Amino acid sequence: MFSKFTSILQHAVEALAPSLPLQEDFVYHWKAITHYYIETSDDKAPVTDTNIPSHLDQMLGILLQEEREREFGVTGPCMEYLLHHKILETLYTLGKADCPPGMKQQVLVFYTKLLGRIQQPLLPHINVHRPVQKLIRLCGEVLATPTENEEIQFLCIVCAKLKQNPYLVNFFLENKLKSLASRGTPDVISEDSLKGQHSLSTDTGQFCQPEELSGALGLEHAETEDEPPQQMDELSASLENLAVSPLPEAMAVRPNQDYNLVNSLLNLTRSPDGRIAVKACEGLMLLVSLPEPAAARCLTQSTCLCELLTDRLASLYKALPQSVDPLDIETVEAINWGLDSYSHKEDASAFPGKRALISFLSWFDYCDQLIKEAQKTAAITLAKAVHERFFIGVMEPQLMQTSEMGILTSTALLHRIVRQVTSDVLLQEMVFFILGEQREPETLADVSRHPLRHRLIEHCDHISDEISIMTLRMFEHLLQKPNEHILYNLVLRNLEERNYTEYKPVCPEDKDVVENGLIAGAVDLEEDPLFTDISPDNTLSNQEWLSSSPPATPDHPKNDGKTEVHKIVNSFLCLVPDEAKSSYHVEGTGYDTYLRDAHRQFRDYCAICLRWEWPGSPKALEKCNLEATFFEGHFLKVLFDRMGRILDQPYDVNLQVTSVLSRLSLFPHPHIHEYLLDPYVNLASGCRSLFSVIVRVVGDLMVRIQRIPDFTPKLLLVRKRLLGLEPEGPIIDHITLLEGVIVLEEFCKELAAIAFVKYHASSTP
């Protein structure tokens, strides 16, 4: 009570006293703080019961006023006094001692306001960055302390200042002492440990003596000429009990303490207060983005940042239930790492494990964003740590297990993070994890060279339809990612030499494209026995194509060596025989409905592939190694095998298989276009293409149609039910085959649309 009364009385006296010059006023408030330690006899009273907070506020106000009254960059006498008399060093001493109780909080607030409000650069001054560095070490030592909020505010303002002037980070990369156990003798001695007697503690956390505290308070004879010697002695004596005891871990030499700003933030990310943890994550985000190579190297090699990211990913992943509905994993709302606030009671769509799933996806999003923002070398190191410690160490065993429920859940989680990842560097590591780094052509003997890739591709043809669909969906989204290695590893490396083609030397008279647009030696499918029943009404006439195809120009003639587009489109549209078609009975299901989607999707894929510098035309056959045995690769082999069974597979599986194949067809690479979309390519003996696989399916279909009575009416009814135009009724015989025929017809129309759109794009000047 008495201390509060004296505080009120002092404010009244200060208000009535004539105004002093700023420097005298500043010195007065600082001396008032130092006199407290001479006069006080009760060091147990909290700092809020003293005048210290008021004096600190007054000092800060004077510094701000002084800066406003001067030109920018000109240091005033008050700031000079603060720097010369090492006031920040003294405040750090008092904050570390926390005397009176609560002083640490006041010091943190003062530092934060000083750095945040003063416009001139302070951190380059040794009497600023050195005490700031020491104060940083006090932050995050103990979690859930009363000063945690002030600690994180202080650390974040330091991070913000470093973001504004990245070169300043070099002041915070301390020289580190090598462990005596590992090196025998100290390799590098920290700067303050050499200067020792002028600061509260060395950079290694050495015990400070009371006389050092007196020195830190600025009571040397040279700096206190106006103080009576008796008062100096009294103050020194009164500070005897402020010797700061070292923390137990501070006595050991720790090799990971040379970037203490990062270490303090890492500690605070573990705070039970979610707001503090998020602020600490924001601070780390600022630090990893600094362009200084030394800071990036120190951050990844001498701190526990990599371990924090990966260990927390691992623990959150392991906390997930053994089985989670894949639909829940796929549809849970988009996760933003800074907004990980979930209330089970308020959620109407809650499911078991949702809290754990959101926490995992939220932290993965943070890792992704951190790596995305990080300096290049730091980003690579962090991403490799996630690859080795989380992808391989934690996820791979789950994906390689034999339990169907476990496979389904782990594949759904992999699919979710494939969709979610946005960092190019982390995506690269994820791709290497899933597919491996191999780029040479595959052979049947080495398809299992990368075990996880082999297992995932095998899962595309799993006995469980759910696992097959989920794995195919994962690959479909992987193919949409902006990474060249994905398509090259899965498909392109096997098409590089074009050894799927049979080379026939061109006779002089066959140099140009022969009549009707057929390449010399190609088979006209309209003369194939499978297609003798095709009605002329089902093809598009040359006259119709003249109105829809791009006009020939001198630079882009129609007969430029490519099979004319109308021949390709008609080939796909005519594959399914008349009696197996049902779309013309339902309005709005024609071929043209696919053109808009194909145009939009092809444009998106071209934007993704633009920087990959793919060739505009196929590699010349004369330069290809056509003697090498062709193998389409494990991925296409499984897709073609499933496509060959389209009449005997569930509807959902067929939709997913054809969706992946259409995605592949959209890529603007000439070899992919030739192999997947050109029916007239001369296939080498024993090779198959997408078109040849469909031809075999159609041949099987034409035989099986004869054995099903009322085939066409049943087919039309199934189509209307799938479109919701007819209510569900009695089960129809041969439902799987009928649904397969409908998917086949739609897929052929989609391929025709893609072929036309790609031709149009390549023919446009």
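Residues numbered from 1 in each chain as written. Predicted model: local features only at pLDDT ≥ 70, side-chain atom pairs only at ≥ 80, totals over all residues. Heavy atoms only, no water.

A. Main features of the overall build of the protein. Of the regular secondary structure elements, the protein holds 33 helices and 0 strands. The 765 residues of the protein split such that 52% are buried. Considering only intrachain contacts with a sequence separation of at least 6, the fraction spanning at least 24 residues in the protein is 78%. Surface summary for the protein: the accessible area is close to 35,200 Å², and the carbon and sulfur share equals 53%. (Helix = DSSP H or I, 4+ residues; strand = E, 2+ residues; numbered from the N terminus. Buried < 20%, exposed > 50% of the residue type's maximum accessible area, 1.4 Å probe, protein only. Contact = heavy atoms within 4.5 Å. Areas by Shrake-Rupley, 256 points an atom, 1.4 Å probe, with all protein chains shown as cover.)

B. Broad picture of helix α8 (residues 148–164). For α8, spanning 17 residues, the distance from its first C-alpha to its last is 25 Å, which sits close to the expected 24 Å at 1.5 Å a residue. Those residues of α8 lying buried are Glu 148, Glu 150, Glu 151, Ile 152, Phe 154, Leu 155, Cys 156, Val 158, Cys 159, Lys 161 and Leu 162. On its buried face, α8 sits against α6 (103–117), α7 (126–138), α13 (260–268) and α14 (274–288). (Expected span 1.5 Å × (residues − 1).)

C. Molecular detail of the confidence of the model for the protein. Confidence in the prediction for the protein averages 82 pLDDT; 77% of positions are at 70 or higher. Low pLDDT, under 50, characterises residues 510–561; the stretch is placed with 69 contacts to residues that sit more than four places away or in other chains. (pLDDT = per-residue confidence, 0-100.)

D. Fine view of the pattern of salt bridges. Counting across every chain of the model gives 26 salt bridges. Salt-bridge contacts for Arg 439 lead to Glu 484; the nearest nitrogen and oxygen are separated by 3.1 Å. With Arg 439 in the loop between α21 (424–435) and α22 (451–459) and Glu 484 in helix α24 (residues 484–490), the pair connects residues that are 45 residues apart, well separated along the chain. You can call Arg 439 partly exposed: its relative accessible area is 34%. Judged by its relative accessible area of 22%, Glu 484 is partly exposed. One salt bridge in this structure joins Asp 461 and Arg 645, with 2.5 Å as the shortest N-O distance. (Salt bridge = Lys/Arg side-chain N within 4 Å of Asp/Glu carboxyl O.)

E. Main features of the nonpolar core. Core analysis: the biggest nonpolar cluster contains 211 residues, and Leu 91, Phe 154 and Tyr 259 have the highest contact counts within it. Top contributing element to this core by residue count: helix α33 (residues 735–763), with 16 residues. (Core = buried A, V, L, I, M, F, W, Y, C linked by side-chain atoms within 4.5 Å.)

F. A look at the side chain of Gln 656. Residue position: Gln 656 is located in helix α29 (residues 651–666). Excluding anything up to four places from it in sequence, Gln 656 contacts Ile 469, Leu 472, Arg 473 and Glu 476.

G. Broad picture of a negative patch on the surface. A cluster of acidic residues, Asp 325, Asp 465, Glu 466 and Asp 652, forms a negative patch at the surface. Within the secondary structure layout, Asp 325 lies in the loop between α16 (305–318) and α17 (326–331). For Asp 325, a relative accessible area of 42% gives the class partly exposed. (Patch = residues over 30% accessible without salt bridge, like charges linked within 9 Å, V, L, I, M, F, W, Y side chains within 5 Å. Lys, Arg positive; Asp, Glu negative; His and termini not counted. Charge placed at Lys NZ, Arg CZ, Asp CG, Glu CD.)

H. Region of the structure containing the packing of helix α20 (residues 404–420) against α21. Between α20 and α21, the least distance of the axes is 11 Å, while the angle of their chain directions is 150 degrees. Comparing their axes, α21 and α20 come out roughly antiparallel. Taken as a pair, α20 and α21 cross one another with a handedness that is left-handed. Contact residues: Leu 414, Ile 417 and Val 418 in α20; Met 430, Phe 433 and Ile 434 in α21. Taken together, the residues that form the contact of α20 with α21 break down as 6 nonpolar, no polar and no charged. (Axes fitted to C-alpha atoms, helices over the stretch in contact; angles between N-to-C directions. Parallel < 35°, antiparallel > 145°, perpendicular 65-115°, else oblique. Left-handed = near helix turned anticlockwise from the far one by under 90°. Nonpolar A, V, L, I, M, F, W, Y, C, P; charged D, E, K, R; others polar.)

I. Representation of the environment of Glu 292 within the structure. If you trace the backbone, Glu 292 turns up in the loop between α14 and α15 (293–301). Considered as a pair, Glu 292 and Asn 170 are 122 residues apart in the sequence and their alpha carbons are 8.2 Å apart. Contact partners of Glu 292, with chain neighbours within four places excluded, come to Pro 166, Tyr 167, Val 169 and Asn 170. At 3.2 Å, the side chain of Glu 292 and the side chain of Asn 170 are in polar contact. (Polar contact = N/O pair within 3.5 Å; in protein donor to acceptor, adjacent residues only side chain to side chain.)

J. Quick peek at the packing of aromatic side chains. Scanning the entire structure with this criterion turns up 18 aromatic pairs. Ring centres 5.6 Å apart and planes at 70 degrees place the aromatic pair Phe 630 and Tyr 675 in the edge-to-face group. A residue pair is termed long-range when its members are at least 10 positions apart, and Phe 630 in the loop between α27 (593–609) and α28 (634–644) and Tyr 675 in helix α30 (residues 670–677) qualify at 45 residues. Classification of Phe 630 by relative accessible area gives buried; the value is 13%. Three or more aromatic residues joined by ring pairs form one cluster here, namely Tyr 317, Phe 360, Phe 390, Phe 391 and Phe 433. In this structure, Arg 312 packs its charged tip against the face of Trp 363, placed 4.4 Å from the ring centre. The aromatic ring of Tyr 488 is capped on one face by Arg 439, whose charged end is 4.0 Å from the ring centroid. (Phe/Tyr/Trp six-rings, centres within 6.5 Å; stacked < 30°, edge-to-face > 60°. Lys NZ or Arg CZ within 6 Å of the ring centre and 35° of its normal.)

K. Looking closely at the environment of Asn 570. On the secondary structure map, Asn 570 appears in helix α26 (residues 565–573). Using a relative accessible area of 4% as the deciding quantity, one classes Asn 570 as buried. Separated by 179 residues in the primary sequence, Asn 570 and Lys 749 place their C-alpha atoms 9.7 Å from one another.

L. The arrangement of unusual backbone geometry in detail. In this structure, the amide linkage connecting Cys 99 to the following residue, Pro 100, adopts the cis form with an omega of -5 degrees. Note on placement: Pro 100 falls in the loop between α5 (87–97) and α6. Here Lys 86, not a glycine, exhibits a phi torsion of approximately 50 degrees, which is positive. Residue position: Lys 86 is located in the loop between α4 (77–84) and α5. Phi at Arg 498 is positive, roughly 55 degrees, even though this residue is not glycine.

M. The arrangement of the packing of helix α18 (residues 354–373) against helix α19 (residues 376–399) in detail. Orientation of α18 relative to α19, taken along the N-to-C sense of each, is 150 degrees, at an axis distance of 9 Å. Taken together, α18 and α19 sit at an angle that is classed as roughly antiparallel. Mapping the contact onto sequence places Phe 360, Phe 364, Leu 370 and Ile 371 in α18 and Ala 379, Leu 382, Ala 383, Val 386, Phe 390 and Phe 391 in α19. Counted by class, the contact of α18 with α19 contains 10 nonpolar, no polar and no charged residues.

N. Structural context of α30. Within α30, 7 of the 8 residues are buried, which leaves it mostly tucked inside the rest of the structure. For α30, the full list of buried residues reads Pro 670, His 671, Ile 672, Glu 674, Tyr 675, Leu 676 and Leu 677.

O. Just the environment of Val 660, in detail. Take Val 660: it is sitting in helix α29. Here Val 660 falls in the buried class, since its relative accessible area comes to 0%. Separated by 184 residues in sequence, Val 660 and Glu 476 have C-alpha atoms that sit 5.4 Å apart. Residues in contact with Val 660, not counting those within four places in the same chain, are Leu 472, Glu 476, Leu 479, Phe 635 and Leu 639.

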